[in-house]
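Residues per chain are reported as follows:
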Amino acid sequence: MGSLARSKPSLPARSQRALPALDWRRVAYLLHVSRALDALEEKTLVPEKKVLYQFSARGHDLAQIILGLGLTERHDAVCGYYRSRPMLLALGVEIEEALGSSMARAGGYSDGRDIGVVFNYPNPHGASALPMCGGVGAQYTPTVGWAQAIEYHRTVLQDASYDHAIGVVLGGEASVATNGFWSALTIATTQKLPVLFYIEDNGYGISVPSTFQTPGADIAANLASFKNLHVISGDGTDPVTAATLIAEAQAHVRDRQGPCLLRLTVPRLQGHSFQDTQAYKSAATVEAEWARDPLPKLHDLLVPEWMEQAEWDALAQEAAEVVEAARVAAEQRPVARPETVLRHVFSEAEPQVMGGLRSAGVAMPEGSERAAPEGARINMVTAIRRTLEHELATNPRVLLFGEDIGPKGGVHAVTLGLQEKFGAGRVFDTSLSEEGIVGRAVGMALAGLMPVPEIQFRKYADPAVEQINDCGTMRWRTNNRFAAPMVLRMPVGFFKCGDPWHSQTNEVQFVHSPGWKVAVPSNAEDAVGLLRTALRGDDPVMFLEHRAMLDAAWARRPYPGDDYVIPFGRAKTTISGNRLTIVTWGAMVERCEEAARASGHSVEVIDLRTLMPWDSRAVLESVSRTHRCLIVHEDLRTAGFGAEIAAVVADEAFMELDAPVARLTMPDIPSPHNPVLLNHVVPSAERIREKIDALVEF
Ligand SMILES: Cc1ncc(C[n+]2csc(CCOP(=O)(O)OP(=O)(O)O)c2C)c(N)n1
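### Concerning the overall build of the protein chain
Item 1. Helices and strands together make up the secondary structure of the protein chain, namely 24 helices and 22 strands.
Item 2. For the protein chain, the spread of C-alpha atoms along the principal axes amounts to about 95 × 55 × 45 Å.
Item 3. Across the 698 residues of the protein chain, 61% fall into the buried class.
Item 4. Accessible surface computed for the protein chain: about 25800 Å², of which carbon and sulfur atoms make up 54%.
Item 5. When the 67 basic and 84 acidic side-chain charges of the protein chain are each reduced to a single mean position, those positions are 3 Å apart.

### Side note on the sheet that holds strand β22 (residues 662-666)
Item 1. Taken together, the 5 strands give an open sheet; going across it, the order is β17-β19-β18-β21-β22, and neighbouring strands pair in mixed fashion. In this open sheet, the two strands that pair with only one neighbour each are β17 (572-575) and β22. Each adjacent strand pair in this sheet contributes to an overall mean axis angle of 25°, direction not counted.
Item 2. As paired strands, strand β21 (residues 629-636) and β22 are joined by 4 bridges and run parallel to one another. Following the sheet pairing, Ile631 is matched in β22 by Arg663.
Item 3. Of the strands in this sheet, β17, β18 (580-584), β19 (603-607) and β21 are in contact with helix α20 (residues 588-599), which crosses β19 at around 175°.

### A closer look at the pattern of salt bridges
Item 1. If you walk through the whole model with that rule in mind, you get 44 salt bridges.
Item 2. Across the salt bridge formed by Arg85 and Glu41, the nearest N and O atoms sit 2.8 Å from each other. Separated by 44 residues along the polypeptide, Arg85 in helix α4 (residues 85-91) and Glu41 in helix α2 (residues 24-45) bring together distant segments of the chain.
Item 3. The class of Arg85 is buried, set by a relative accessible area of 7%.
Item 4. Measuring nitrogen to oxygen at the nearest pair gives 3.0 Å for the salt bridge that ties Lys50 to Glu331. Residue Lys50 is located in the loop between α2 and α3 (61-69), and its partner Glu331 is located in helix α12 (residues 309-332); the two are separated by 281 residues in the primary sequence.

### A look at the site of the ligand
Item 1. Around the ligand, the structure places 16 residues, and the nearest of them are Tyr81, Tyr82, Arg83, Asn202 and Tyr204.
Item 2. Arg83 is positioned such that a nitrogen or oxygen atom in its side chain is 2.8 Å from an oxygen atom of the ligand.
Item 3. A distance of 2.9 Å separates a nitrogen atom of the ligand from a polar backbone atom of Gly134.
Item 4. In the complex, the protein chains occlude 69% of the 590 Å² of accessible area that the ligand would expose alone.
Item 5. Grouping the constituent residues of the shell around the ligand by class yields 6 nonpolar, 8 polar and 2 charged.

### Some thoughts on the sheet that holds strand β1 (residues 77-79)
Item 1. Spatially, 6 strands are ordered β2-β1-β3-β4-β8-β7 in an open sheet, and the strand pairing comes out parallel. Taken across any chain shown, the strands that pair with only one partner, and hence form the sheet edges, are β2 (128-129) and β7 (230-235).
Item 2. Here strand β4 (residues 195-201) runs beside strand β8 (residues 260-265); their pairing, made up of 6 bridges, is parallel. Directly across from Ile199, in β8, lies its bridge partner Arg263.
Item 3. Contacts from helix α9 (residues 239-254) reach β4, β7 and β8, with the element oriented near 165° to β7.

### As for the side chain of His412
Item 1. Considering the arrangement of structural elements, one finds His412 in the loop between β10 (398-402) and α15 (418-422).
Item 2. Not counting residues up to four positions away in its chain, the partners in contact with His412 are Val381, Gln456, Phe457, Pro491, Arg547 and Leu550.

### Concerning the pairing of β21
Item 1. Where burial is concerned, most of β21 is hidden: 7 out of the 8 residues are buried.
Item 2. With 3 bridges connecting them, β18 and β21 associate as parallel partners. Its bridge partner being in β21, Ile582 is matched across the sheet by Leu630.
Item 3. A crossover links β21 with its parallel partner β22, the connecting element being helix α22 (residues 641-653), and its sense is right-handed.

### Structural notes on helix α16 (residues 434-446)
Item 1. For α16, spanning 13 residues, the distance from its first C-alpha to its last is 18 Å, which sits close to the expected 18 Å at 1.5 Å a residue.
Item 2. Burial runs high along α16: 13 of the 13 residues are buried.
Item 3. At the exit of α16 stands Gly448, carrying a positive phi of roughly 85°.

### Thoughts on the packing of aromatic side chains
Item 1. According to the stated counting rule, one finds 14 aromatic pairs in the structure shown.
Item 2. When the centroid spacing of 6.4 Å and the interplanar angle of 55° are considered together, the rings of Trp182 and Phe226 count as tilted. Taken as a pair, Trp182 in helix α7 (residues 179-191) and Phe226 in the loop between α8 (219-222) and β7 lie far apart in primary sequence, 44 residues in all.
Item 3. Residue Trp182 is classed as partly exposed on the basis of its relative accessible area, which comes to 36%.
Item 4. You can call Phe226 partly exposed: its relative accessible area is 29%.
Item 5. Centroid distance Trp614 to Phe641: 5.8 Å. Interplanar angle 90°. Geometry classified as edge-to-face. Of this pair, Trp614 sits in the loop between β20 (610-612) and α21 (616-626) while Phe641 sits in helix α22, placing them 27 residues apart in sequence.

### Quick word on α2
Item 1. Taking 1.5 Å of rise per residue, 22 residues should cover 32 Å, and α2 covers 30 Å from first to last C-alpha, within 8% of that figure.
Item 2. Counting buried positions along α2 gives 19 out of 22 residues, so the element sits mostly inside the fold.

### Examining the confidence of the model for the protein chain
Item 1. In the predicted model, the protein chain carries a mean pLDDT of 96, and the fraction of residues at 70 or more is 98%.
Item 2. Low pLDDT, under 50, characterises residues 1-9; the stretch is placed with 19 contacts to residues that sit more than four places away or in other chains.

### Describing the pairing of β18
Item 1. The buried fraction of β18 amounts to 5 of the 5 residues, a majority that puts the element mostly inside the structure.
Item 2. Residues Leu580, Ile582 and Thr584 line one face of β18 and the alternating positions Thr581 and Val583 line the opposite face, and both faces are buried.
Item 3. Where β18 and β19 come together, 5 bridges link them in parallel fashion. What sits directly across from Val583, in β19, is Ile606.
Item 4. Between the parallel pair β18 and β19, the chain is carried across by α20, and the sense of this crossover is right-handed.

### A word on the environment of Val195
Item 1. With respect to the helices, strands and loops of the structure, Val195 is situated in strand β4.
Item 2. Note: C-alpha distance between Val195 and Val78 (117 residues apart in sequence) is 9.5 Å.
Item 3. Apart from the residues lying within four places of it in its own chain, the contact partners of Val195 are Thr143, Val144, Ala147, Gly167, Ala188, Val253, Pro259 and Cys260.

### Quick word on the nonpolar core
Item 1. Ranked by internal contacts, the top residues of the largest apolar core, which has 71 residues, are Trp24, Ile95, Val168, Tyr198, Leu262, Leu298 and Leu302.
Item 2. Each residue touching Val168, except ones within four places of it in the same chain, is listed here: Leu67, Leu71, Ala77, Val78, Cys79, Thr143, Leu196 and Tyr198.
Item 3. Counting residues in each nonpolar core, the second largest holds 63 residues, with Leu400, Ile582, Val589 and Val681 among its members.

### Notes on the state of the cysteines
Item 1. The full count for this structure, using the stated rule, is 0 disulfides.
Item 2. Cys260 takes part in no disulfide bond, and the closest cysteine sulfur to it belongs to Cys79, at a distance of 18 Å.
Item 3. This cysteine, Cys471, is not joined by any disulfide, and Cys133 carries the nearest cysteine sulfur, 10.0 Å off.
Item 4. Its relative accessible area of 3% is what places Cys471 among the buried residues.

Rules of the game
Residues numbered from 1 in each chain as written. Predicted model: local features only at pLDDT ≥ 70, side-chain atom pairs only at ≥ 80, totals over all residues. Heavy atoms only, no water. Helix = DSSP H or I, 4+ residues; strand = E, 2+ residues; numbered from the N terminus. Buried < 20%, exposed > 50% of the residue type's maximum accessible area, 1.4 Å probe, protein only. Areas by Shrake-Rupley, 256 points an atom, 1.4 Å probe, with all protein chains shown as cover. Lys, Arg positive; Asp, Glu negative; His and termini not counted. Charge placed at Lys NZ, Arg CZ, Asp CG, Glu CD. Pairing = 2+ DSSP bridges. Axes fitted to C-alpha atoms, helices over the stretch in contact; angles between N-to-C directions. Contact = heavy atoms within 4.5 Å. Salt bridge = Lys/Arg side-chain N within 4 Å of Asp/Glu carboxyl O. Near = heavy atom within 4 Å. Polar contact = N/O pair within 3.5 Å; in protein donor to acceptor, adjacent residues only side chain to side chain. Nonpolar A, V, L, I, M, F, W, Y, C, P; charged D, E, K, R; others polar. Right-handed = clockwise from strand over helix to strand, strands pointing away. Expected span 1.5 Å × (residues − 1). Phe/Tyr/Trp six-rings, centres within 6.5 Å; stacked < 30°, edge-to-face > 60°. pLDDT = per-residue confidence, 0-100. Core = buried A, V, L, I, M, F, W, Y, C linked by side-chain atoms within 4.5 Å. Disulfide = S-S within 2.5 Å.

Structure (structure tokens):
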């Protein structure tokens, strides 16, 4: 920033009329900067194809700048959307950084990986901007997660530096129709969290009028009687009104009076994006919108009462020069080296700037890969509970939440007694919204906690898919600036009977979600080792607990000790043999072992234990000795994980094979309810044995 904008932080008092306390000179300067950036992109960089996606914030800009300047606490965080650049500038994001990101150059928000308007700003010394997403509405639940983490830091970890911190989430009026908005609103109001919902109502979601998003087109009016929510509404183009309402909203939330929703009406003075011609708006509408432009309103407020015209012009001139200098610098930035685009899917040597235990400076014990079995055999439920209990006891940043996991102890009893032992601050029930459960976990992980959310059944992760995907890609798309490590537990598979709702495994969907590690333990000992590794790790982990194995006699093993860890990507050979390799995981391991023994052949059984990463080396090494490979899984056949294994074996061990690589799986149907029907389709020990015979005799 140049000299003028810095030299006089506050305006000289030339009038008796009071202005809301604010650095109005800085507001004016940043507004000029924002306008200059818009103009540069629209007139030069987009036509020259140096910026490929452009979203102007003209009209939204003044109020956003005022909002951003109010975020002064070290642990404040804000999550915006693609039209939020003015707010980012007010937080302190460098202009060159913003422009370089729009131009997809090296460095910046994402090293050219993400659209430039999808911002993030890790700021260890002040307010941060949490990584935005392209999906409308995806910003809400992570922000309430941050707000809940603020409360966790304050009350559970007793850190007074969070006492006045708040979370702020920005959204357009169309975003109030999304699942994420309602999920976040429910969480914020039931938990009375310090979060500000800042709604920029420009009347259009691209071309769709706001009457489609909320009845009567006014979300503030509709939420007037929403319990525990302070609702404010007003004109976001009038500088004094905007400043007054924003100050009121921020004070309400900072003073721990609960969440607030502030709706400001603003005009969208440009098309939705550069490509949008606004043909759906009448000329009169466009004219009326321009009549509400906040820039001349700010001018008329400040000049001449608080500032000479020459001073205003000098600020505009300085903004233009600074933006031009940033353009030159941004254009000099190279494009990232293409081979680097493969990095930062998972945690590497260099830690992320924000998110997880590692960037919070919490060193986790390494653990021991040697099991130290103690006591009688315990079932998988008890093993998982005991591991959670130990990590809760030794790491105050671990917290558990999900539907019914509090006093009831979970519908599978995994968390039984943990709330009683660790309190409702650390082990608690949630509202029935899987998007809320996972999105909240994302915000908490960003705030340096280790959240362990539970989804009640595999199928019910579906409403959380957007948050799951966005969580997984976060490290990559922010080029290692942010990561949200967590352990997402969920039961999978059949149990006695099946059905389309509670019994799918579909683990392959998560393997296909970049950034997630996937664990599929078959027994109590492995569950302990894998879970502990996940809880001490630096990546999001999908921890899949097979329903049929939770209390299965076969899966019971002695507790392997409080230090026991199993590195991911290390398979276990549970039976050694030399005529055929069976590759499997989860509930199928027991059946494969039974079939191998019954077959009378020398069969090797490999339990993969994790699917991302998966131990291809162990499989290939085994196949190079046995020359035959059978893959058994419960998931559907087409594009199941077996297809991946078969492809790798065919690719890398073709010359070793004495028989085709075979698969035994569920057919491509939902899980049937009646056990007779179920048993007809899930691989049984008998059918596995038949397959073993056929392959060995091939
Ligand atoms: C989940 C999702 N659906 C659709 C889109 C495509 N889309 C991008 S912006 C937008 C309109 C959003 O309007 P609003 O929230 O009012 O914000 P504004 O652009 O007006 O500032 C749509 C439909 C998207 N990005 N995400």
